[in-house]
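Coordinate analysis (summary)
The lines below spell out each chain.
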Amino acid sequence: TNMRNPKISDIELKNLYSKCFVSIIPLIKTKQPSGQSVAMQSMAMGVPVVMTKTEGLWDKKLFKNEENIFLTSNNVKLWVEIIDKIHYESEIANQISVSALTTLKNNYSETKIKRNFMTLLEKDVN
């Protein structure tokens, strides 16, 4: 998508996320970060995320399977089990969603990102 002329507006994207009961992000095995934007946008909208566990997971310390995200292999049977769990056990889905949103707020707020960036800059100067 061209960011200067997006095919869908931010409001339309937000509306799409608000209608989802799960965000499914299958990935190929890679060491490169992948799926981060979609996962974090989903989490910010309270949508539970099911994603392939790869070496490229952008923050292994913060994002933990069945705590604030569902991480799995690319096995269709496992994906179906997790999606069924989210669909039929809404309290689990709600717990994961709340935990994911809390993780985002506590670790990816604009203020915290700016503070971390300034800390990096100060280390480079000294």
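See the structure shown above.
1. Describing the overall build of the protein chain
- For the protein chain, the count of helices and strands is 5 helices and 3 strands.
- In the protein chain, the succession of α and β elements from N to C terminus is α-β-α-β-β-α-α-α.
- Per-residue burial over the protein chain gives 29% buried out of 126 residues.
- Taking the intrachain contacts of the protein chain between residues at least 6 apart in sequence as the baseline, contacts between residues at least 24 apart amount to 59%.
- Of the roughly 8,900 Å² of accessible surface on the protein chain, a fraction of 54% belongs to carbon and sulfur atoms.

2. Topic: the environment of Ile-24
- By the secondary structure assignment, Ile-24 is in strand 1 (residues 23–25).
- The class of Ile-24 is partly exposed, set by a relative accessible area of 44%.
- Between the alpha carbons of Ile-24 and Trp-79 there is a distance of 8.8 Å; along the sequence they are 55 residues apart.
- In contact with Ile-24, other than residues within four places in its own chain, are Val-50, Trp-79 and Ile-83.

3. Considering the packing of aromatic side chains
- As enumerated under the stated definition, the model contains 2 aromatic pairs in all.
- Taking the centre distance of 5.2 Å and the plane angle of 55° together, the rings of Trp-58 and Phe-63 count as tilted. An identical accessibility class is assigned to Trp-58 and Phe-63; each is buried.

4. Looking at the pattern of salt bridges
- Here the structure, examined in full by the defined rule, presents 1 salt bridge.
- Two residues, Lys-85 and Glu-66, come together in a salt bridge whose shortest N-O distance is 3.4 Å. Remark: Glu-66 occurs in the loop between strand 2 (49–52) and strand 3 (70–72) and Lys-85 occurs in helix 3 (residues 76–88); sequence separation between them is 19 residues.
- Among the residues examined, Lys-85 registers a relative accessible area of 25% and is labelled partly exposed.
- Look at Glu-66 and you get partly exposed, because its relative accessible area is 46%.

5. Let's talk about the sheet that holds strand 3
- With parallel pairing, the 3 strands of this open sheet are ordered in space as 1-2-3. Looking along the sheet, the strands with just one partner apiece sit at the ends: strand 1 and strand 3. Ignoring which end each strand starts from, the neighbouring axes of this sheet average 15° apart.
- In terms of strand pairing, strand 2 meets strand 3 through 3 bridges, oriented parallel.

Rules and cut-offs
Residues numbered from 1 in each chain as written. Predicted model: local features only at pLDDT ≥ 70, side-chain atom pairs only at ≥ 80, totals over all residues. Heavy atoms only, no water. Helix = DSSP H or I, 4+ residues; strand = E, 2+ residues; numbered from the N terminus. Buried < 20%, exposed > 50% of the residue type's maximum accessible area, 1.4 Å probe, protein only. Contact = heavy atoms within 4.5 Å. Areas by Shrake-Rupley, 256 points an atom, 1.4 Å probe, with all protein chains shown as cover. Phe/Tyr/Trp six-rings, centres within 6.5 Å; stacked < 30°, edge-to-face > 60°. Salt bridge = Lys/Arg side-chain N within 4 Å of Asp/Glu carboxyl O. Pairing = 2+ DSSP bridges. Axes fitted to C-alpha atoms, helices over the stretch in contact; angles between N-to-C directions.

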